[in-house]
Amino acid sequence: MTDFKKRYIEVRKKIIEHDFARLNTEQRQAVMSTEGPLLILAGAGSGKTTVLINRIACILKYGKAADSDEIPAYADERDLEFLENYSGLYSPEDKARAEELCSEDPAEPWQVIAITFTNKAAGELVSRLEKMLGGRSGEIWASTFHSACVRILRRDITALGLFSRNFTIYDTSDSTSLIKHIMRETDTDEKKYAPRAVLSAISAAKDAMLTPEEYLRSAGIDPWKKTVAELWKEYNRRMIQADSLDFDDLILYTVTLFERCPDVLEYYRRRFRYVLVDEYQDTNMLQYKFISLLSGGYRNICVVGDDDQGIYKFRGASIENILGFESQYSDARVIKLEQNYRSTSTILQAANAVIRVNAQRKNKELWTDNEKGGPISLYTAMNENDEAQYAAACILKGHTEGEKWSDYAVLYRINALSNRLEYAMKRNGIPYRVYGGMRFYDRAEIKDMLAYLCVINNPDDELRLRRIINNPPRGIGDTTLDKASAIAEREGKSLYRVLTECGDYPELRTAYSKIKAFTDIIEELRAASTDTLDELYDRLVRLSGYMTMLEAKDTQDNITRAENVSELKTNIISFVRERGGVCTLADFLDEMALYSDTDAMDGDDCVALMTIHSAKGLEFPNVFIVGAEDGIFPGLKAIGEQDEIEEERRLCYVAITRAKRRLWITNARQRMLFGRTQSNMVSRFVKDIPDELLDKSGASQTGYSAAYSSYGTPRAENRGRYMGGYSSGVRPENSVKSRPSSLSRPAPISLDYKAGESVIHKAFGKGMILSAEKMGPDMVVEIAFEKEGTKKLMISSAGRYLTKIGK
DNA sequence: AATCCGGTTCTTTTT
DNA sequence: GAACCGGATT
């Protein structure tokens, strides 16, 4: 190598490094290793999204210059001199010249694809790219596995000869309904073949890239597998007939397409010079295959992940993908990001101590420059009510000291633990939000409306057709549908086609007018499907009679459902606006199929209640981990299974590393769960945390515990009185008998509240006192809030949030 | 078609 | 303890 070249490369590297000076050494190294296979092992809170964003910026700006020996052919001594004297402080012209001289084949945005698991992660990537790169970022494919595959399939799926470009996407509940429907038709015992188990067997088989025939062969004489193979075959047949793909199919058929059609694969390989994958530890075999194929041309594959945070084995993620990356690519470079910017060193030490026990992991240890911070509080409660009350009391105390509600998160292993916590939050007047419950798009009425839209878009979608044909009731029952189905089968036509031609079939004579009325509606809507989306939706709501059905009975349930139906229109309008006004029905349905609104973490000031799984990727200043007991965390099923325990341990690691400043861990001596009382040992994971990091003083305050031990069972006379006193809309849990908290009890309590007075509550807003009843040194007030309904509150805990106002 | 009863099951979850 | 599903009943 000439001296000139050496000097050039050296100064170029310096200038690029200077551009990423805000990053730490390892981060910068990861950003600048643009060529060839790269594995970034990014510990919790180590800034991995920052690295991804900067790496893309580097690729677009400098191309391979940061990671290559090539230099511009035209560069001469004067250029080199210029670079060597360049310090970044010169005029815009100089800057442009330096950038030009330092770049080598810079990539176009459309040559970059960044793949994540969730919409939320993809969304974050998109917005941070936009912030850093501006409008140019729009052409980067930053999307989930599934939406990337949909994009590919919408263009090329016809090459497989099985589906049209207009295919429909089935979600998990659609798949479940279809498999149940098939099981009913084939008289398969749902006890023996639980639909969920059947589906996950099919999913696993697809992940192994088996066909139903191969699966059947591998089944041998296993009757269960044999049946599953049959069901799967029929399931596939129906999916093809309905022009539909389920979530697994989206990836599976993309991989199949790549394997069967070399020209298609070649097209994408040439296009995507740089492939980046986030959360690589969560990929399954199929996704791995997809990535390998896609990046197989340029081999510029960068995967980011943390083997210690792999917590989705149960849904097919194979941690071997990340552990085996180096053997897949012998020339792979590995960079570890071990500096944590999130947590106190105490919290980090605890996390390290827990995860260190795992055998199956890359050797990696987080460290931080952050302050030591306070110890981790360990509290052993009498029972689950005491535990919940403890958390609530700590949160209240923190709030009076200036913390926001949203600075707190309470994490649990299983959803079943959320109940008591909710009660405790309500009782204490703490605003909270439970994440991961029923989602907007899972509601029956929303699914119904979307099913209508699906049928308008693709009438061959028999599953959705069946969902809506008699909803609202149109007198088209199972008998009629069975007859029509049989005809469809016989004639090789779709069910919908048979219905439109029902006049031709004497078997359908009796139901003729009813069927005709239905198909007329659908036909009219189909004709209107070129309208703007919101007009089409208005027409649908009117013609289908759905709203009329809901308005017929004004129960609370129906009112809510009607509101949701209207709310969907708001979503449609804002979706169309986001797309700049141009958007087809098919676009909208794609979005709906792949979107989950868990992403919409609204900015309300609320305490967050969620499972540890859903907390992954998030961070909070203050975190509670409740239910830290053997049998719950780790779960009963995991105990004794080495692999499972390791996964639970990773889960514990994830939980601990969510906390930035303070961490509480709680367990209960006795716990009522699934209708039985159990007493568990403190979690083995807690025992792995060194004593000097823990503050166990909370556990010795037995008096505190005892005060709450009777929550779950209010005495009979109390229960009777309360039950009699409910006004409409009161939920019983709001009135669970409460006692003052010794932690949050202010010195003198004002008991000056009377029925009829108006008050403002800090979290619940305006309300009127319905009743006020003394209870020892405390007082229970029942307040009808304008927005939040009626609640019963204890003055001892809620008093400080109450202000009296005039009428 | 709507409602009631009784049996069953209960990790974790995204797409 | 609660939610969900299916079958039976009206």
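For the structure itself, consult the block above.
Rules used throughout
- Residues numbered from 1 in each chain as written.
- Chains lettered and ligands numbered in written order.
- Predicted model: local features only at pLDDT ≥ 70, side-chain atom pairs only at ≥ 80, totals over all residues.
- Heavy atoms only, no water.
- Salt bridge = Lys/Arg side-chain N within 4 Å of Asp/Glu carboxyl O.
- Buried < 20%, exposed > 50% of the residue type's maximum accessible area, 1.4 Å probe, protein only.
- Near = heavy atom within 4 Å.
- Polar contact = N/O pair within 3.5 Å; in protein donor to acceptor, adjacent residues only side chain to side chain.
- Helix = DSSP H or I, 4+ residues; strand = E, 2+ residues; numbered from the N terminus.
- Axes fitted to C-alpha atoms, helices over the stretch in contact; angles between N-to-C directions.
- Parallel < 35°, antiparallel > 145°, perpendicular 65-115°, else oblique.
- Left-handed = near helix turned anticlockwise from the far one by under 90°.
- Contact = heavy atoms within 4.5 Å.
- Nonpolar A, V, L, I, M, F, W, Y, C, P; charged D, E, K, R; others polar.
- Core = buried A, V, L, I, M, F, W, Y, C linked by side-chain atoms within 4.5 Å.
- Pairing = 2+ DSSP bridges.

Draft legend 1. Broad picture of the pattern of salt bridges. For the coordinates displayed, the defined rule picks out 59 salt bridges. We note a salt bridge from Glu 491 to Lys 493, for which the minimum N-O separation is 3.9 Å. Residue Lys 493 is classed as buried on the basis of its relative accessible area, which comes to 19%. Linked by salt bridges that have partners in common, Arg 490, Glu 491, Lys 493, Arg 497, Glu 501 and Glu 507 make up one network.

Draft legend 2. Fine view of the protein's contact with DNA strand C. DNA strand C sits among Glu 190, Phe 674 and Gly 675. Taken together, the sugar and phosphate atoms account for 10% of what DNA strand C places within 4 Å of the protein. A distance of 3.4 Å is found between a phosphate oxygen of DNA strand C and a side-chain nitrogen or oxygen belonging to Glu 190. For DNA strand C, a base oxygen lies 3.3 Å from a polar atom in the backbone of Phe 674.

Draft legend 3. Structural context of the environment of Leu 536. Considering the arrangement of structural elements, one finds Leu 536 in helix α25 (residues 533-544). With a relative accessible area of 0%, Leu 536 lands in the buried category. Residues Leu 536 and Arg 526, 10 residues apart in the sequence, show an inter-C-alpha distance of 9.1 Å.

Draft legend 4. Summary view of the packing of helix α7 (residues 145-156) against helix α14 (residues 285-294). It is the contact of α7 with α14, at a shortest axis distance of 12 Å, that shows an interaxial angle of 55°. Taken together, the axes of α7 and α14 are oblique relative to one another. Note on packing geometry: the crossing formed by α7 with α14 is left-handed. Contacts between α7 and α14 pair Phe 145, His 146, Cys 149 and Ile 152 from the former with Gln 287, Phe 290 and Ile 291 from the latter. Its residues placed into classes, the contact of α7 with α14 shows five nonpolar, two polar and no charged.

Draft legend 5. Fine view of the nonpolar core. In this structure, Ile 395, Val 410, Val 607, Phe 624, Ile 656, Leu 663 and Ile 665 are the most contacted members of the largest nonpolar core, which totals 68 residues. Residue contributions to this core peak at seven residues, all from helix α18 (residues 384-400). Those residues within four positions of Val 607 in sequence are excluded, and the remaining contacts are Ile 395, Trp 405, Tyr 408, Val 410, Ile 430, Pro 431, Tyr 432 and Arg 433. In terms of nonpolar packing, the next biggest core, distinct from the first, is built from 52 residues, Tyr 505, Val 541, Leu 568 and Leu 585 among them.

Draft legend 6. The sheet that holds strand β2 (residues 112-116), seen in detail. Read from one edge to the other, the open sheet built from six strands follows the order β3-β2-β6-β7-β1-β8, with strand pairing classed as parallel. One side of each edge strand has no neighbouring strand; the edge strands of this open sheet are β3 (141-144) and β8 (333-337). Across the sheet, the mean angle from the axis of one strand to that of its neighbour is 15°, orientation sign disregarded. Examined bridge by bridge, β2 and strand β6 (residues 274-277) share four bridges and lie parallel to one another. The partner of Ile 115 across the bridge, within β6, is Val 277.

Geometry only, nothing functional implied.
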